[in-house]
Amino acid sequence: AKRIVVKVGTSTLIYPNGKINLKAIDQLSYTLSGLVNDGKQIVLVSSGAIGVGMGQLNLTERPTDIPAQQALAAIGQSTLMTIYQQRFATYSQKISQMLLTHDVLDYPESRANVLNAFDKLLDWGIIPVVNENDTVAVDELDHKTKFGDNDQLSAIVASIVDADLLIMLSDIDGFYDKNPRKYQDATLLAEVNKVSKDTYEQAGGKGSKFGTGGMLTKLKAAKRMMKNGKQMVLANGSNPSIIFRILAGEKIGTLFS
Ligand code: ADP
């Protein structure tokens, strides 16, 4: 796999108490920088803007009104990018920011423009850090204007740049036959070859307080990857250097293939 998209969830970037997990961000920066040095082209899709914004304003509950969420995303996005910039610089790795809207799906021209920018950045050995442009795309329910979540955005980005692999880091070891937070006897599935109605039923509701996706959107992302003949690995991001082990072929997490 030469082109790899890595998606990190809010739960990987922010502690349950709202603090930014600098250790995880540092390990992520170290790992992705190492991969670029090994000749891989890496795109990072990062959640966490609203969560970081909440931390900046000492909010403990995610506001429900859209303007507040937009404002928090605007606050958090720049803070998050500052942190990434600092950490990646430690490993002499340059990064860039790409804020995408649904236009890349609606207009072939937008898609082509975005791909051109990705191609150039990757060619230059720079890691694009991608997020949805939350101040532009506001309508949470209208999926005509919003991707809705970074899980599916990461699969869309993977298809735009024609990545072979999507590595999705979350707060859980992989996909289980039922929600392991609810059922103690849940078992981890090492490999999933088809995402069907039954698979969706194995995924419970929303996950963490700060995240928005949950397992459902991860399954949709996996389905999109598999439809394109590509793979996705869902693994625990508590130590993002797990990516080295995934790429070394170790059987960790869940492989959707
Ligand atoms: P992130 O912030 O990394 O995107 P989420 O909290 O949105 O993560 O989603 C991961 C959560 O999905 C898990 O912590 C778990 O609570 C929940 N979940 C529901 N069903 C399953 C399942 N079958 N296997 C694994 N996790 C599940």
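Up top you'll find the structure we're talking about.
Residues numbered from 1 in each chain as written. Predicted model: local features only at pLDDT ≥ 70, side-chain atom pairs only at ≥ 80, totals over all residues. Heavy atoms only, no water.

Their axes nearest at 10 Å, the elements helix α6 (residues 108-123) and helix α7 (residues 150-160) cross at an angle of 80°. By the criterion of interaxial angle, the relationship of α6 to α7 is roughly perpendicular. Packed against α6, whose contacting residues are Arg-111, Val-114, Leu-115 and Phe-118, the element α7 presents Val-157, Ser-159 and Ile-160 at the interface. Among the residues making up the contact of α6 with α7, the classes are represented as five nonpolar, one polar and one charged. (Axes fitted to C-alpha atoms, helices over the stretch in contact; angles between N-to-C directions. Helix = DSSP H or I, 4+ residues; strand = E, 2+ residues; numbered from the N terminus. Parallel < 35°, antiparallel > 145°, perpendicular 65-115°, else oblique. Contact = heavy atoms within 4.5 Å. Nonpolar A, V, L, I, M, F, W, Y, C, P; charged D, E, K, R; others polar.)

One non-glycine residue, Asn-58, lies in the positive phi region at around 55°. For Asn-58, the location among the structural elements is in the loop between α3 (49-56) and α4 (66-90). With a relative accessible area of 66%, Asn-58 lands in the exposed category. Positive phi values are uncommon outside glycine, yet Asp-162 reaches one of about 55°. Checked against the element boundaries, Asp-162 lands in the loop between α7 and β5 (165-170). (Buried < 20%, exposed > 50% of the residue type's maximum accessible area, 1.4 Å probe, protein only.)

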